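Chains, contacts and geometry: an overview
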Amino acid sequence: MPELLQPRRRFLFGMMIATHWVAPPATAAPDAQALLAASDAIRNPSQPFKATVTLTEFERGVQVNATTLVSQARTLESGGQFVSLLRFVQPARDAGKVMLKNGADLWFYDPSTKASVRISPQQRLIGQASNGDVVTVNFARDYTATLAAEEMVQDGERRNRRAHKLQLTAASEDATYGAIELWIDEANAAPLKARFFADSGRLLKTAYYRRFQNQLGAERPTETVIIDGLQPQSVTIVRLTDYTQRNTPAAWFQRDYLPRFSAE
Amino acid sequence: MRSPTRIAFAATLLAAAAASHGQTDPLDLQSAPTPQETVAESPLRLFVEAGAGRIDQRFPDDERTGRRLSVDLRYNRRLSDELRFSFSDRLDHASPTLFGQEDTVNTLREAYLSWQPEGSSATLDFGRINLRQGAAFGYNPTDYFRTGGLRAVTTADPVALRQIRQGAAMVKGSLLWTNGGATLALSPKLRTVPDSGSFAVDLGATNSRDRALLSVQTRTSEKFSAQGSLFLEQGSAPNLGLSSTALLGEALVAHADLAVGKKHRLRDQILNTPAAGKRTVQAALGLTYTLPNALALTLEFEHNGAGLEADDWTAVLNQGPLAYQRFVALTQPHQELGARNAWLVYVSQKSLGLKQLDLTAFLRTNTDDRSRLGWLELRYHWPQFDAVLQWQRASGKAHSEFGALPYRQLVQLLGVVYF
């Protein structure tokens with residue numbers, strides 16, 4: 001997979017570890033945290049980027065909502081925090097609204113009221129923006145991984161894949177979920193499936209990663225099927241398109257830039 | 001060749017048929033298409049709102065029908081890599097109206113040019129700008145440029161009222177740095193008195209005095225941010241403001257707005273009593289808690305040191321309807337708190353039982369005279385249309401803030417079309 005061999009230190013580091021594990025010495029134990037970092041690097045470009053996100057919501061198989069967002073994201077140099085700005089494009093009633101996530105610093109901006117409102121992680125978890133976390137957040141920074149099993153798992157394309165099952169537990173206050181079960185491909189560390197749990201142990205959502213395409217120099221999942229934990233007939237498909245490299249300045253990922261980002 | 005819309009529709013019908021037989025597998029579902037036109041965002045945002053309802057009024061004591069039609073337009077266009085133009089306007093036609101107001105009112109909310117050097121964190125704006133400050137829901141004492149903002153009052157919801165207010169003419173410069181920034185706004189006197197004409201630009205309401213605002217904001221951690229302000233106004237002593245927010249837990253957010261400066265008491269202004277301004281504290285403190293079922297509950301305490309106390313209400317309302325009209329004129333267009341102390345409970349819930357049904361409600365209580373204003377809205381969404389049911393009730397003794405409101409109860413149905 002030559003497209004995976006990019007000259008980016010962090011990504012390469014993750015892939016080197018992953019490649020090492022694919023063909024390990026007979027006695028070597030896989031480094032779960034490195035596998036997780038490698039999987040993160042497949043979901044997220046290491047360079048600052050912009051992408052279009054389409055969220056399609058279904059109830060009992062019938063489409064009930066479709067939302068289009070423009071996402072700009074980057075990893076901050078100081079602290080390594082993965083930060084994102086999401087701007088609503090459609091539906092028309094929500095156009096221009098903006099969501100900022102910078103760790104626990106969460107803001108919602110409404111251009112009609114000019115109000116920037118701080119929101120709690122619980123408030124964000126309820127909205128559709130939290131489904132963006134399933135797709136674009138970096139887990140290795142906020143979770144500790146252990147290797148739970150090696151097993152066959154059905155992926156988002158209904159193919160049976162040999163996978164590492166990682167057990168992730170929250171390791172920082174920024175962690176959105178209490179725990180995550182993550183299945184990643186034994187062959188290339190690509191994410192295949194994940195189950196997200198609340199602190200109480202309640203299953204919040206199940207995600208299947210699929211439609212891998214070459215985007216910004218790597219094979220990345222461009223679609224994620226998210227099934228609600230409490231109501232399995234509530235399904236959201238998150239599709240990412242139009243990946244472009246965009247070096248958004250770090251200073252823009254704060255409350256006072258939201259009106260400006262809303263108007264872009 | 002079939003259009004993507006038709007294919008999507010057919011797929012939806014097939015999915016619905018499968019669902020009715022309990023056969024839906026989430027992995028069979030397909031994403032909605034992402035056509036290019038959705039990504040190339042339209043510079044124009046337009047909606048039309050029309051409604052009718054029944055008004056139970058106090059003066060005279062009878063019922064009548066109310067109607068409203070509103071056209072709301074926002075236009076935002078990039079003129080070059082560094083220059084952007086923003087325009088925002090709203091037209092309201094309502095009947096009946098209060099206190100001799102025009103039944104048709106146009107509000108030119110914003111019209112300004114914005115310059116931002118490419119990749120820079122500095123911006124310069126020039127024109128009529130709706131500069132909003134403060135974190136509180138119902139009362140923002142540090143939102144200095146709210147003065148003269150409201151020309152038409154089409155709702156009791158304090159959050160929705162901010163959607164229809166007009167900005168002030170100003171030059172505004174902003175500079176951002178990592179975890180902070182500063183803003184300087186200079187707003188000159190351009191007219192002397194407000195103009196209530198239907199299509200007036202009404203700079204007399206927003207630019208009747210020279211004003212300047214310097215604010216500096218900082219983010220000390222992921223969980224705390226604050227903004228300090230110095231506001232100068234021609235003929236008034238400097239006013240200092242502090243606005244802050246804090247994340248107190250996984251589901252709990254706090255906000256606090258505080259302004260200190262010399263103010264004339266509202267009672268003296270209404271009764272034309274000569275009195276010097278006194279150092280006055282105005283504040284709003286609140287907590288927002290989000291329940292696991294998506295209900296967000298905000299409790300806010302509001303204080304205006306220049307507002308009316310219980311005895312003041314009696315003194316003002318004993319002067320008759322003209323004094324009450326003066327009270328309304330001194331508070332309503334400026335979103336000023338008329339009461340000395342008030343509580344606001346604000347509730348919002350997305351997907352109330354149904355995916356597309358939202359609930360918003362509030363209860364405002366004047367703690368001095370115990371009068372109350374309650375308001376509730378149910379809003380059902382379709383892709384480009386909202387159906388809205390609103391209910392509002394004002395209660396209290398005759399000589400009280402909400403007991404003297406002309407409308408005792410209002411029930412109305414609204415339709416909103418988004419283009």
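None of these values were measured; they are calculated from a predicted model. (Residues numbered from 1 in each chain as written. Chains lettered and ligands numbered in written order. Predicted model: local features only at pLDDT ≥ 70, side-chain atom pairs only at ≥ 80, totals over all residues. Heavy atoms only, no water.)

A few points about the overall build of chain B
From N to C terminus, chain B includes seven helices and 18 strands. Relative to the globule expectation of 22 Å for 419 residues, the C-alpha radius of gyration of chain B, 24 Å, shows essentially globular dimensions. Seen through its C-alpha atoms, chain B measures out along the principal axes to roughly 80 × 55 × 45 Å. Buried positions account for 49% of the 419 residues belonging to chain B. Put simply, chain B shows about 19,700 Å² of open surface, and 61% of that area lies on carbon and sulfur atoms. Measuring between centres, the 44 positive side-chain charges of chain B sit 3 Å from its 41 negative side-chain charges. (Helix = DSSP H or I, 4+ residues; strand = E, 2+ residues; numbered from the N terminus. Rg over C-alpha atoms; globule rule 2.2 N^0.38 Å. Buried < 20%, exposed > 50% of the residue type's maximum accessible area, 1.4 Å probe, protein only. Areas by Shrake-Rupley, 256 points an atom, 1.4 Å probe, with all protein chains shown as cover. Lys, Arg positive; Asp, Glu negative; His and termini not counted. Charge placed at Lys NZ, Arg CZ, Asp CG, Glu CD.)

Brief notes about the overall build of chain A
Scanning chain A for helices and strands turns up five helices and 13 strands. A total of 264 residues make up chain A; the buried ones form 62% of that total. Nonlocal contacts in chain A, meaning residues at least 24 apart in sequence, comprise 48% of its contacts between residues at least 6 apart. (Contact = heavy atoms within 4.5 Å.)

Topic: the interface of chain B and chain A
Listed per partner, the contact involves 75 residues of chain B and 70 residues of chain A. Summed over both partners, the interface of chain B with chain A comes to about 5,800 Å²; 50% of that surface belongs to carbon and sulfur atoms. A per-residue breakdown of the area chain B buries against chain A is headed by B:Leu27, B:Glu222 and B:Lys355, which together make up 12% of the total. Residue A:Glu57 pairs with B:Lys355 through a salt bridge whose shortest N-O separation is 3.3 Å. Of the residues forming the side of chain B that touches chain A, the biggest block, four residues, is contributed by helix H1 (residues 4–20) of chain B. Of the residues contributing to the side of chain B that touches chain A, the split by class is 28 nonpolar, 29 polar and 18 charged. (Buried area = accessible area lost by both parts, 1.4 Å probe. Salt bridge = Lys/Arg side-chain N within 4 Å of Asp/Glu carboxyl O. Nonpolar A, V, L, I, M, F, W, Y, C, P; charged D, E, K, R; others polar.)

Notes on the pattern of salt bridges
When their charged atoms lie close together, side chains carrying opposite charge are able to pair. Under the counting rule described, the total for this entry stands at 42 salt bridges over all chains. In this structure, A:Asp155 and A:Arg161 form a salt bridge, with 2.6 Å as the shortest nitrogen-oxygen distance. When its relative accessible area of 2% is taken as the criterion, A:Asp155 is described as buried. B:Lys172 is the partner of B:Asp125 in a salt bridge, and the nearest nitrogen-oxygen pair spans 3.2 Å. Of this pair, B:Asp125 sits in strand S5 (residues 122–129) while B:Lys172 sits in strand S6 (residues 168–177), and the two are 47 residues apart along the sequence. In this pair, the class of B:Asp125 matches that of B:Lys172, namely buried. Bridged by salt links that share partners, the residues B:Glu49, B:Arg68, B:Asp72, B:Arg74, B:Arg90, B:Asp92 and B:Arg109 form one connected network.

Brief notes about the nonpolar core
Residues and elements named next belong to chain A. In this structure, Phe 139, Leu 166, Leu 168, Ile 180, Leu 182 and Phe 196 are the most contacted members of the largest nonpolar core, which totals 36 residues. No other element matches helix H2 (residues 32–43), which puts five residues into this core. Here Ile 180 is in contact with Phe 139, Tyr 143, Leu 166, Gln 167, Leu 168, Ala 194, Arg 195 and Phe 196, once residues within four sequence places are set aside. By size, the runner-up hydrophobic cluster in this structure holds 13 residues, among which are Leu 85, Val 98, Tyr 257 and Leu 258. (Core = buried A, V, L, I, M, F, W, Y, C linked by side-chain atoms within 4.5 Å.)

A word on the pairing of strand S3 (residues 82–90) of chain A
Residues and elements named next belong to chain A. Across the nine residues of S3, eight count as buried, placing the element largely inside the fold. Pairing analysis gives eight bridges linking strand S2 (residues 62–75) to S3, with the strands arranged antiparallel. Paired with Ser 71 across the strands is Leu 86, a residue of S3. Counting the residues in the hairpin turn of S2 and S3 gives six residues, including Gly 79, whose phi is positive at 90 degrees. Bridge count for S3 against strand S4 (residues 98–102) is five bridges, and the pairing is antiparallel. Residue pairing across strands places Ser 84 opposite Lys 101, the latter belonging to S4. (Pairing = 2+ DSSP bridges.)

Considerations on unusual backbone geometry
All names here are of chain A. That bond from Gln 90 to Pro 91 is cis: its omega, 5 degrees, falls within 30 degrees of zero. Within the secondary structure, Pro 91 sits in the loop between S3 and S4. Look at Arg 158: it is not a glycine, yet its phi comes out positive at around 65 degrees. Considering the arrangement of structural elements, one finds Arg 158 in the loop between strand S7 (143–154) and strand S8 (160–170).

With respect to the packing of aromatic side chains
Within the structure shown, the criterion is met by 16 aromatic pairs over all chains. The interplanar angle of 25 degrees and the centroid separation of 5.7 Å between the aromatic rings of B:Phe362 and B:Trp375 together place this pair among those described as stacked. With B:Phe362 in strand S15 (residues 357–366) and B:Trp375 in strand S16 (residues 372–381), this pair connects stretches of sequence that are 13 residues apart. Judged by relative accessible area, B:Phe362 falls into the buried class, the value being 4%. What makes B:Trp375 buried here is its relative accessible area of 4%. Taken together, the aromatic side chains of A:Phe139, A:Tyr143, A:Tyr177 and A:Phe196 make up a single cluster linked through ring pairs. (Phe/Tyr/Trp six-rings, centres within 6.5 Å; stacked < 30°, edge-to-face > 60°.)

A look at the pairing of strand S12 (residues 218–228) of chain A
All names here are of chain A. Burial within S12 is extensive, with nine of its eleven residues counted as buried. Of the pairings in the sheet, the one linking strand S11 (residues 203–215) to S12 comprises ten bridges and is antiparallel in character. Along S12, the bridge assignment pairs Tyr 208 with Val 225. Counting the residues between successive antiparallel strands, the hairpin from S11 to S12 contains two residues, one of them, Leu 216, with a positive phi of roughly 45 degrees. Taken together, the five bridges between S12 and strand S13 (residues 234–245) define a ladder with antiparallel strand orientation.

Observations concerning the confidence of the model for chain A
Residues and elements named next belong to chain A. Mean pLDDT for chain A: 83, with 84% of residues reaching 70 or above. Between the elements of chain A, mean pLDDT differs from a low of 36, seen in helix H1 (residues 9–22), to a high of 96, seen in strand S9 (residues 179–185). Low confidence marks residues 1–27, where pLDDT is under 50. Its contacts with residues over four positions away, or in another chain, come to 41 contacts. (pLDDT = per-residue confidence, 0-100.)

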